[in-house]
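# Examination of the molecular architecture
Read off the chains here:
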Amino acid sequence: MRLLLIGYPLGHSMSPWIHQQFISQHQLNASYHLKEIKPDQFAQTIAALKQSGIDGFNVTIPYKEKIIDYLDDMDETAKRIGAVNTVVCKDGKWSGYNTDGAGYLASLKQHFPDALHSDTRILIIGAGGASRGIVFALLNEPFQSLTVTNRTEARAQTLVEQLESDRLITVQSITEAEHNLKKFDLIINTTSVGMDPQSDELPLDLAQLQPQAIVSDIVYKPLKTKFLTEAESIGGQIHYGHEMLINQAKLSFQLWTGKITDLTPILPEYTKKIK
Ligand code: ATR
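Residues numbered from 1 in each chain as written. Predicted model: local features only at pLDDT ≥ 70, side-chain atom pairs only at ≥ 80, totals over all residues. Heavy atoms only, no water.

## Brief notes about the domain arrangement of the protein
- Splitting the protein by domain gives domain 1 (2-98 + 243-274) and domain 2 (101-240).
- For domain 1 and domain 2, the distance between their C-alpha centres works out to 26 Å.
- On the domain 2 side, the residues contacting the 14 residues of domain 1 number 20 residues.
- Taking both partners together, domain 1 and domain 2 bury about 1400 Å²; carbon and sulfur atoms supply 57% of that area.
- It is Arg 80, Ile 81 and Met 244 in domain 1 that bury the most area against domain 2; as a group they hold 43% of the surface buried on that side.
- Linking domain 1 to domain 2 there are one salt bridge.
- Linking Arg 132 and Glu 65 is a salt bridge whose minimum nitrogen-to-oxygen distance equals 3.7 Å. (Domains from an automatic or database assignment. Contact = heavy atoms within 4.5 Å. Buried area = accessible area lost by both parts, 1.4 Å probe. Salt bridge = Lys/Arg side-chain N within 4 Å of Asp/Glu carboxyl O.)

Put into structure tokens, the structure is as follows:
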């Protein structure tokens with residue numbers, strides 16, 4: 001079985017290591033390689049891949065939307081998110097899926113099994129692709145309310161309108177959300193703020209945080225972002241971003257192979273590598 005990750009630039013990706021652990025656990029005859037594709041070579045490289053008899057691949061930045069034009073079908077989640085991170089190739093037919101949101105949820109539930117219930121008030125920061133994946137996954141879960149805030153408020157508004165959900169989902173400006181912070185039990189940063197180690201910027205001021213609240217950051221480089229450090233100093237319970245990636249990978253692997261991987265023996269070394 002031949003598996004790939006396509007994207008540009010790929011740099012130092014953890015995915016080959018992760019999938020090699022999965023392959024070993026199930027004793028499969030399979031490989032997972034990086035395939036960096038320059039934007040001006042995308043169409044021709046994808047055409048060549050179609051001919052090559054590949055079994056599946058992951059898609060990352062900047063191709064999660066672009067790949068859609070080359071697929072034969074998509075599952076409901078990927079359709080609604082409008083982005084694909086996993087492609088299954090079978091009998092010449094390419095099918096698109098998105099496991100990012102489900103990967104996030106799996107990680108959250110492993111660390112905070114009681115986080116989501118009918119009284120949970122959720123605040124999502126960010127309205128980009130990552131936010132969409134997580135919000136769509138959350139729609140299948142119990143919660144009391146879901147609020148989206150974003151630097152560009154109009155984008156949050158568009159995201160919420162596209163959900164077409166009859167549940168309590170609203171938009172607040174960053175300032176409003178900061179002011180109302182005590183009213184949230186689960187706060188999720190889906191923005192890239194925190195990735196730049198030189199910057200002191202936070203996606204949101206946490207001064208009004210309710211001490212028992214769960215604060216989750218999908219940024220995992222650095223593993224403990226300034227946002228999480230700040231949340232912890234106020235008494236918040238923190239949820240790190242790195243296990244979203246390995247859970248998303250587990251779900252992709254399951255789509256390709258039908259195998260369910262036990263992450264328990266892999267997580268200690270994975271976490272060490274991320275640090
Ligand atoms: P991704 O697919 O990773 O979500 P994206 O679609 O480019 O990437 O979205 C990035 C998100 O991070 C957006 O919510 C963006 O806010 P804007 O919509 O206002 O651009 C947010 N973001 C990125 N840099 C930011 C910054 N410096 N401050 C606040 N928000 C930021």
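## Some points on the packing of helix H1 (residues 15-26) against helix H9 (residues 242-257)
- For the pair H1 and H9, interaxial distance at closest approach is 10 Å and the crossing angle is 50°. In terms of orientation, H1 lies oblique with respect to H9. Regarding H1 and H9, the two cross each other, and that crossing is right-handed. Residues Ile 18, His 19, Phe 22, Ile 23 and His 26 of H1 lie in contact with H9, whose contacting residues are Leu 245, Ile 246, Ala 249, Lys 250, Phe 253 and Trp 256. (Axes fitted to C-alpha atoms, helices over the stretch in contact; angles between N-to-C directions. Helix = DSSP H or I, 4+ residues; strand = E, 2+ residues; numbered from the N terminus. Parallel < 35°, antiparallel > 145°, perpendicular 65-115°, else oblique. Left-handed = near helix turned anticlockwise from the far one by under 90°.)

## Focus: the site of the ligand
- Lining the immediate environment of the ligand, one finds 13 residues, of which Ala 127, Asn 150, Arg 151, Thr 152 and Arg 155 sit closest.
- Contact between the ligand and Ala 130: an oxygen atom at 3.0 Å from a main-chain N or O atom of the residue.
- Residue composition of the shell around the ligand, by class: three nonpolar, seven polar and three charged. (Near = heavy atom within 4 Å. Polar contact = N/O pair within 3.5 Å; in protein donor to acceptor, adjacent residues only side chain to side chain. Nonpolar A, V, L, I, M, F, W, Y, C, P; charged D, E, K, R; others polar.)

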